Amino acid sequence: MNEAQIGVTGLAVMGRNLARNLARHGHTVALHNRSPERTRSLVAAHGDDGRFVPSESMPDFVASLERPRALIVMVKAGDPTDAVIDELVPLLDEGDIVIDCGNAHYTDTRRREAALRERGLHFVGCGVSGGEEGALNGPSIMPGGSAQSYEKLGPIFESIAAQVDGTPCCVHVGPDGAGHFVKMVHNGIEYADMQLIAEAYDLLRTGLGASSPRRTTCCAPASARNPPRSPTSFGRGTRATSSRS
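Undergrad: When you look at the pattern of salt bridges in this model, what are you seeing that I'm missing?
TA: Side chains that differ in charge, positive against negative, can pair when their charged atoms come close. Summed over all chains, the structure comprises 16 salt bridges. For Asp49, the salt bridge identified is with Arg20, shortest N-O distance 2.5 Å. Of this pair, Asp49 sits in the loop between helix H2 (36–46) and strand E3 (52–54) while Arg20 sits in helix H1 (residues 13–24), placing them 29 residues apart in sequence. For the pair Asp49 and Arg20, one class covers both residues: buried. In this structure, the salt-bridge partner of Asp108 is Arg111, at a minimum N-O distance of 3.5 Å. Residue Asp108 and its partner Arg111 are both found in helix H5 (residues 106–117); the two are separated by three residues, about one turn of the helix. Three or more residues joined by partner-sharing salt bridges are found here, namely Asp82, Asp100, Asp108, Arg111 and Arg112.

Structure follows, in structure tokens:
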């Protein structure tokens, strides 16, 4: 065994798509879910995405990973995350890495990182942005934890992250809870922008009585409202046309 480079436990939509993304990029991925049916269905439906190593028990899941082990936990934040960690830790060895890619509060991440560090383990709180589509096709990834853990995780995460001008949207953002802290700030900005758009749209509708097409145009990106014009429609071209008329 010991053949998988990274593992994912928790195969709801986000975990499932993240595992598929990893496999599509050439990584051998260990799979585990509390209910084995989800593991079987992923392999049955998407086994051609890459190489998966499915397991139906936590001990088998851990045993399928090369050392130092890297295991992604993708379950609901809070008590469910703690329950999975408590089940994992007795099975791990010094130097192994547990990665929480859920939406944990950064203070919980700091607590977990300190507890696992005392046992010689690395704990990485990792923000993942992009939703289920991003998880499959390229998310923004914000890992915290130790610099040593990023030496192993960095090449893997950078290979599956979204790319902008050839640069992966992934960087080690800092120690212990930094990854989930950055994700919290990211979410705050994102939802504030959404609220601003919604309130502006409502003001146009209720305050100015603007029609639906007009409201849509006002709330569209600037590039959509003002498409580039040809050189003859502005600047010297416009003046030259006027002087001839």
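Having seen it, we continue.
Undergrad: What am I meant to see in the sheet that holds strand E6 (residues 122–129) here?
TA: Think of a sheet as strands paired side by side through backbone hydrogen bonds, with each pair either parallel or antiparallel. In spatial order, the strands read E3-E2-E1-E4-E5-E6-E7; together these seven strands make up an open sheet with mixed pairing. With one partner strand each, in any of the chains shown, E3 and strand E7 (140–143) form the two edges of the open sheet. Put simply, the sheet's adjacent strands are angled 25° from each other on average, direction ignored. Note: strand E4 (residues 70–73) against strand E5 (residues 97–100), four bridges, orientation parallel. By the bridge assignment for E5, Val73 is matched with Asp100. Running over the sheet, H2 touches strand E2 (29–32) and E3 and is turned about 150° from E3.

Undergrad: Looking at this structure, how should I read empty space enclosed by the protein?
TA: Once rolled over the atoms, a probe with the size of a water molecule shows which space is left empty. Throughout the structure, instances matching the rule amount to one cavity of 30 Å³ or more. Secondary structure elements with two or more residues in the lining of the largest cavity: E6 and helix H7 (147–160). Of the residues that constitute the lining of the largest cavity, the class distribution is eight nonpolar, no polar and no charged.

Undergrad: Is there a simple way to think about the nonpolar core in this case?
TA: Generally speaking, nonpolar side chains in soluble globular proteins are found buried as a group. One finds Val29, Ile72, Ile99 and Phe157 to be the most contacted residues of the largest nonpolar core, which totals 28 residues. Mapped by element, the contributors of at least two residues to this core are strand E1 (6–9), H1, E2, E4, E5, E6 and H7. Per-element tally for this core: the top contributor is H7, with five residues. Apart from residues lying up to four places away in sequence, Ile72 is in contact with Ile6, Gly7, Val8, Thr9, Leu18, Leu22, Ile99, Cys101 and Phe157.

Undergrad: Which parts of the structure should I look at to understand the side chain of Glu113?
TA: Looking at where Glu113 falls in the secondary structure, it is placed in helix H5. Relative accessible area serves as the criterion here: at 9%, Glu113 is assigned to the buried category. Once residues within four sequence positions are removed from consideration, Glu113 is found in contact with Phe123 and Asp176.

Undergrad: What should I look at first to understand the packing of aromatic side chains in this one?
TA: Evaluation of the coordinates by the stated rule reveals one aromatic pair. Measuring from ring centre to ring centre gives 5.0 Å for Tyr106 and Phe181, while their planes differ by 90°; the resulting arrangement is edge-to-face. Residue Tyr106 is located in helix H5, and its partner Phe181 is located in helix H8 (residues 178–206); the two are separated by 75 residues in the primary sequence. With a relative accessible area of 37%, Phe181 lands in the partly exposed category.

Each value, and the rule that gives it
- Residues numbered from 1 in each chain as written.
- Predicted model: local features only at pLDDT ≥ 70, side-chain atom pairs only at ≥ 80, totals over all residues.
- Heavy atoms only, no water.
- Salt bridge = Lys/Arg side-chain N within 4 Å of Asp/Glu carboxyl O.
- Helix = DSSP H or I, 4+ residues; strand = E, 2+ residues; numbered from the N terminus.
- Buried < 20%, exposed > 50% of the residue type's maximum accessible area, 1.4 Å probe, protein only.
- Pairing = 2+ DSSP bridges.
- Axes fitted to C-alpha atoms, helices over the stretch in contact; angles between N-to-C directions.
- Contact = heavy atoms within 4.5 Å.
- 1 Å grid on protein atoms, 1.4 Å probe; cavity = no way out; pocket = protein on both sides within 12 Å on 5 of 7 lines; lining within 4 Å.
- Points joined across faces, edges and corners; volume = space filled by probe spheres on them.
- Nonpolar A, V, L, I, M, F, W, Y, C, P; charged D, E, K, R; others polar.
- Core = buried A, V, L, I, M, F, W, Y, C linked by side-chain atoms within 4.5 Å.
- Phe/Tyr/Trp six-rings, centres within 6.5 Å; stacked < 30°, edge-to-face > 60°.

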